[in-house]
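Structural description and commentary
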Amino acid sequence: GNSVTQMEGPVTLSEEAFLTINCTYTATGYPSLFWYVQYPGEGLQLLLKATKADDKGSNKGFEATYRKETTSFHLEKGSVQVSDSAVYFCALTTRGTGNQFYFGTGTSLTVIP
Amino acid sequence: DVKVTQSSRYLVKRTGEKVFLECVQDMDHENMFWYRQDPGLGLRLIYFSYDVKMKEKGDIPEGYSVSREKKERFSLILESASTNQTSMYLCASSLYPQPQHFGDGTRLSIL
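Residues numbered from 1 in each chain as written. Chains lettered and ligands numbered in written order. Predicted model: local features only at pLDDT ≥ 70, side-chain atom pairs only at ≥ 80, totals over all residues. Heavy atoms only, no water.

1. Topic: unusual backbone geometry
A cis amide bond links Gly9 of chain A with the next residue in sequence, Pro10 of chain A, at an omega value of -5 degrees. Checked against the element boundaries, Pro10 of chain A lands in the loop between β1 (3-6) and β2 (11-14). Within the chain, Asp54 of chain A stands out as a residue other than glycine whose phi angle is a positive 75 degrees. Residue Asp28 of chain B is not a glycine yet carries a positive backbone phi of 60 degrees. Along the chain, Asp28 of chain B turns up in the loop between β3 (19-25) and β4 (31-38). (Helix = DSSP H or I, 4+ residues; strand = E, 2+ residues; numbered from the N terminus.)

Next up, the structure:
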C-alpha cells in the first residue's frame, strides 16, 4: 500500500540554523511527492513537489530531492527564519488512486530568534 | 488563483445535532476531499469524491456522510454530532496529477 513516514517533532532551531526533516515513503506504482506547510490557524499550502526520480523541488529556500533508491524525500533549508515556524507535511499520490493523497503525521518546527 | 472556501472558520454545536460543513472550489476540479486533523494524528481522510454524486469512504467514515450535488460543492454531514468529533476539518480539491488545494479549515467544537 501507500504510506508516508516523517520524523517526529517538535523540532526547535535557532534562527539561521540548517533544517532537515526526514520523509520516507512506501508506494504501489510510481508516486509524485510533495511537501506542504501549515501556518497556525490556516489550512495546508503546497511548499514544493517532485514528480519523478532525481527531481528537485524548491521554493522559498526549501529544497527536497526525490530519491527512488532510498524511497526518500527529505526537506532541507540552509538558514531558517522565525517566519518558517509551522507544521510541515510530507505527502504522496499515485496514478489510479483518484488523486488520493497520503500524508505523514506532520513535523512541527519552531524557530527561535 | 486557486480557491477552496469552507463556510465557517469556527463552529460550536451540541451533542446530537445534525451538522453541515460546506466546501466550495472554483477550479472545476473533479476530486474533492474531507479530512480531519487532530494533534499527533496528522490528517485522516474521511470521504472523497471523484465526480458529481460519486463518493468513496476514506479511513474514518463512521459517523459522517457526504453530499456532492454540484461539481464545485462538497458537503460533510455529521448525522448526530458527538464530542469525539470535535476537531479541525479540512477540505481539499484537485485535478490529477496536480497537488491538492486546501481550504483554511473549520474548527468544530461539539459540546
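2. Focus: the state of the cysteines
Counted under the stated rule, the structure contains 2 disulfides over all chains. One disulfide in the model links Cys23 of chain A with Cys90 of chain A; its S-S distance is 1.9 Å. Handedness here is read from the sign of the S-S torsion; for Cys23 of chain A and Cys90 of chain A, about -70 degrees, the answer is left-handed. A residue pair is termed long-range when its members are at least 10 positions apart, and Cys23 of chain A in strand β4 (residues 23-26) and Cys90 of chain A in strand β10 (residues 86-93) qualify at 67 residues. Shown here is the disulfide that connects Cys23 of chain B with Cys91 of chain B, its sulfur atoms set 1.9 Å apart. Its torsion about the S-S bond being -80 degrees, the disulfide of Cys23 of chain B and Cys91 of chain B is classed as left-handed. Residue Cys23 of chain B is located in strand β3, and its partner Cys91 of chain B is located in strand β9 (residues 87-94); the two are separated by 68 residues in the primary sequence. Judged by relative accessible area, Cys23 of chain B falls into the buried class, the value being 0%. (Disulfide = S-S within 2.5 Å. Buried < 20%, exposed > 50% of the residue type's maximum accessible area, 1.4 Å probe, protein only.)

3. Regarding the nonpolar core
All names here are of chain A. Ranked by internal contacts, the top residues of the largest apolar core, which has 26 residues, are Trp35, Leu47, Leu48, Phe73, Leu75 and Tyr88. Listing elements by their share of this core, those giving two or more residues are β2, β3 (19-21), β4, β5 (32-38), β6 (44-50), β8 (62-65), β10 and β12 (107-112). Counting residues per element, this core draws most heavily on β10, which supplies 4 residues. Those residues within four positions of Phe73 in sequence are excluded, and the remaining contacts are Cys23, Leu33, Phe34, Trp35, Leu48, Lys49, Ala50, Ala64, Thr65, Tyr66 and Cys90. (Core = buried A, V, L, I, M, F, W, Y, C linked by side-chain atoms within 4.5 Å. Contact = heavy atoms within 4.5 Å.)

4. Some points on the packing of aromatic side chains
Following the criterion strictly, the structure yields 16 aromatic pairs over all chains and no others. Ring geometry for Phe103 of chain A and Tyr35 of chain B: centres 5.6 Å apart, planes at 90 degrees, overall edge-to-face. Here Tyr35 of chain B lies in strand β4 and Phe103 of chain A lies in strand β11 (residues 101-103), a pairing that spans two chains. Assigned by exposure class, Phe103 of chain A and Tyr35 of chain B land together as buried. Among the aromatic residues, those joined into a cluster by ring pairs are Phe34, Tyr36, Phe101 and Phe103 of chain A together with Phe33, Tyr35, Phe48, Tyr50 and Phe102 of chain B. (Phe/Tyr/Trp six-rings, centres within 6.5 Å; stacked < 30°, edge-to-face > 60°.)

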